[in-house]
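Residues per chain are reported as follows:
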Amino acid sequence: MRASRPVLHFKLVDCAPAGELVLVHRAQHLMLRIECPASLDNLDRVVENALRSCTEERTVLKKQWQPVNWHWVDGTAPPHRP
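Residues numbered from 1 in each chain as written. Predicted model: local features only at pLDDT ≥ 70, side-chain atom pairs only at ≥ 80, totals over all residues. Heavy atoms only, no water.

## Some points on the sheet that holds strand β1 (residues 10–15)
Sheets are built from strands that pair by backbone hydrogen bonding, the pairs being arranged parallel or antiparallel.
Step number 1: The three strands are arranged β1-β2-β3 in an open sheet whose pairing can be described as antiparallel. In the strand order of this sheet, the two ends are held by β1 and β3 (31–35), each with one partner. Strand-to-strand twist in this sheet, taken as the mean axis angle between neighbours without regard to direction, amounts to 30 degrees.
Step number 2: Sitting on the sheet, helix α2 (residues 43–65) touches β1, β2 (20–25) and β3, and the angle it makes with β3 is about 140 degrees. (Pairing = 2+ DSSP bridges. Helix = DSSP H or I, 4+ residues; strand = E, 2+ residues; numbered from the N terminus. Axes fitted to C-alpha atoms, helices over the stretch in contact; angles between N-to-C directions. Contact = heavy atoms within 4.5 Å.)

Here it is, written out as structure tokens:
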């Protein structure tokens, strides 16, 4: 598989019961589940597309929620006190 920049930050940690690959971002504690394609010949393309869309979606979230010290802050959510 061709190493693209986003994949360098993720580590394959498991395979979900439904057959999805579970990747974890080492520094930002993000988890990404990717469906395995029917043919493993397309695996590199599927992973690359998933990482690209994850990066794009994360950028949108960062603009919406303004993370503070890598924590997503939602001022509209009611506080949870155990």
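## Topic: the environment of glutamine 28
Step number 1: Topologically, glutamine 28 is positioned in the loop between β2 and β3.
Step number 2: Residues glutamine 28 and histidine 9, spaced 19 residues apart in sequence, show a C-alpha to C-alpha distance of 9.2 Å.

## Some points on the pattern of salt bridges
Step number 1: Counting across every chain of the model gives two salt bridges.
Step number 2: Between arginine 33 and glutamate 20 there is a salt bridge, and its shortest N-O distance comes to 3.6 Å. A residue pair is termed long-range when its members are at least 10 positions apart, and arginine 33 in strand β3 and glutamate 20 in strand β2 qualify at 13 residues.
Step number 3: Arginine 52 is the salt-bridge partner of glutamate 48, the closest N and O atoms lying 3.2 Å from each other. Of this pair, glutamate 48 and arginine 52 both sit in helix α2, four residues apart, which is roughly one turn of that helix. (Salt bridge = Lys/Arg side-chain N within 4 Å of Asp/Glu carboxyl O.)

## Remarks on the environment of isoleucine 34
Step number 1: Note that isoleucine 34 resides in strand β3.
Step number 2: For isoleucine 34, a relative accessible area of 3% translates into the label buried.
Step number 3: Residues isoleucine 34 and leucine 23, spaced 11 residues apart in sequence, show a C-alpha to C-alpha distance of 7.9 Å. (Buried < 20%, exposed > 50% of the residue type's maximum accessible area, 1.4 Å probe, protein only.)

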